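The lines below spell out each chain.
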Amino acid sequence: MQYKPESILTFWFDEITPKQWWSKSSEFDLAITSRFGAVHAAAARCELFTWRETPEGRLAEIIVLDQFSRNIYRDQAQAFDSDSLALALARQAIAVKADQALTPTCRAFLYMPFMHSESPLIHQEAMTLFGSPGLEESLKSELKHKVIIDRFGRYPHRNVLIGRLSTEEELAFLQTPGSSF
C-alpha cells in the first residue's frame, strides 16, 4: 500500500475539528487506529523517508509519529515510543527551514514534539519556536508544559503508564485540576 502525506494532512486539518485534536475519545482513537495504524507502523520503521522531500510531507510524518501515536496507543506506554524520532525529524525540518513554508497552525504541529519532550533543554528551544508570530496560543500551552518539566523534570501523568514510581510531590500534583494533558 502506498501512503500519501496528503491523506494525513487532509484528515488532520480538514476532516476533523480542532476540538478533536485535544479531546479524548475512544471512538476517535479507534478511527485513527483503523485508518492510519498501518501508516503509523511504517513511520515508526522510518519507511516514510520520501515524505521528507517536501515541508508538508515532513509535517505529515511528524503528525503520524507524534499525534497519532497518542491516539493509537491511548493509555499505553507505546504512546510515547515515537517521541524521540518525531523530535529528531522536527529538528531536521527546522534545520532545512521546512517549517518556514508552513502556516502557523501547521508549524505548531511540526513543533509539538518539542512540547512533548521531557527535557528541560528541549523546552528552552520550544519557547523560542512557539514564540514565533501566529503561535500565541501554542506558546501558552508550551508554558504550561514547561512549568511541569521545570518542576519535576518529567511529566508525572506518564509515570504509571511507563512504569515509573511517582514521588509524593508528583502524586499530590496529579490530584490538582489540569495536571495532565
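Visitor: Can you walk me through the environment of Thr128 in this structure?
Guide: With respect to the element layout, Thr128 can be found in helix α7 (residues 120–130). The exposure class of Thr128 is exposed, given its relative accessible area of 60%. Separated by 11 residues in the primary sequence, Thr128 and Leu139 have C-alpha atoms spaced 9.0 Å apart.

Visitor: For this particular structure, what's the right way to read the packing of aromatic side chains?
Guide: For the structure on display, the rule yields 14 aromatic pairs. With a centroid separation of 5.9 Å and an interplanar angle of 80°, the aromatic rings of Phe13 and Trp21 are classed as edge-to-face. Judged by its relative accessible area of 22%, Phe13 is partly exposed. What makes Trp21 buried here is its relative accessible area of 15%. Considering the side-chain rings of Phe13 and Phe109, the 5.8 Å spacing of their centres and the 75° angle between planes classify their relative orientation as edge-to-face. Of the two residues, Phe13 is situated in helix α1 (residues 5–15) and Phe109 in helix α6 (residues 104–116); the sequence distance between them amounts to 96 residues. Aromatic rings pair up to connect Phe11, Trp12, Phe13, Trp21, Trp22, Phe28, Phe36, Phe68 and Phe109 into one cluster.

Visitor: Sorry if this is basic, but what is going on with the pattern of salt bridges here?
Guide: Pairing between side chains of opposite charge can happen when their charged atoms approach one another. Applying the stated criterion across every chain, the model contains 13 salt bridges. Measuring nitrogen to oxygen at the nearest pair gives 3.0 Å for the salt bridge that ties Lys140 to Glu137. Placement of both Lys140 and Glu137 in helix α8 (residues 136–152) is noted, with a separation of 3 residues, approximately one turn of the helix. For Glu137, a relative accessible area of 57% translates into the label exposed. In the salt-bridge network here, residues are joined through shared partners; they are Asp66, Arg70, Asp83 and Arg158.

Visitor: Honestly, α1 in this entry has me stumped. Any pointers?
Guide: Because the α-helix completes a turn every 3.6 residues, residues three or four places apart line up on one side. Those residues of α1 that fall on the buried side of the exposure criterion are Pro5, Ile8, Leu9, Phe11 and Trp12. The buried side chains of α1 occupy one side of the element, clustering within an arc of 160° when seen end-on. The secondary structure elements touched by the buried residues of α1 are α2 (18–22), α3 (26–44), α4 (55–72) and α6.

Visitor: Please clarify how the environment of Glu136 should be interpreted in this entry.
Guide: Mapping Glu136 onto the fold places it in helix α8. Of the residues examined, Glu136 reaches a relative accessible area of 48% and is grouped as partly exposed. In the structure, Glu136 is positioned 39 residues away from Gln175 in sequence and 28 Å away in space, judged by C-alpha atoms. A polar contact of 3.2 Å, which involves the side chain of Glu136, links it to the backbone nitrogen of Gly134.

Visitor: Help me out: how do you make sense of the environment of Met112 in this one?
Guide: Checked against the element boundaries, Met112 lands in helix α6. Sequence separation between Met112 and Leu129 is 17 residues, and the spatial gap between their C-alpha atoms is 9.8 Å.

Visitor: I keep staring at the nonpolar core and nothing clicks. Help me out?
Guide: A general trend in soluble globular proteins is that nonpolar side chains are found buried together. Membership of the largest hydrophobic core comes to 42 residues, with the highest contact counts inside it found for Ile8, Phe11, Trp12, Ile32, Leu59, Ile63 and Phe68. Contributing elements (two or more residues each) for this core: α1, α3, α4, α5 (83–95), α6 and α7. Once residues within four sequence positions are removed from consideration, Phe68 is found in contact with Ile8, Phe11, Trp12, Ile32, Phe36, His40 and Ile63. Among the nonpolar cores identified, the runner-up in size contains 5 residues, and Ile148, Ile149, Tyr155 and Phe173 belong to it.

Parameters and conventions
- Residues numbered from 1 in each chain as written.
- Predicted model: local features only at pLDDT ≥ 70, side-chain atom pairs only at ≥ 80, totals over all residues.
- Heavy atoms only, no water.
- Helix = DSSP H or I, 4+ residues; strand = E, 2+ residues; numbered from the N terminus.
- Buried < 20%, exposed > 50% of the residue type's maximum accessible area, 1.4 Å probe, protein only.
- Phe/Tyr/Trp six-rings, centres within 6.5 Å; stacked < 30°, edge-to-face > 60°.
- Salt bridge = Lys/Arg side-chain N within 4 Å of Asp/Glu carboxyl O.
- Arc of directions from axis to C-beta.
- Contact = heavy atoms within 4.5 Å.
- Polar contact = N/O pair within 3.5 Å; in protein donor to acceptor, adjacent residues only side chain to side chain.
- Core = buried A, V, L, I, M, F, W, Y, C linked by side-chain atoms within 4.5 Å.

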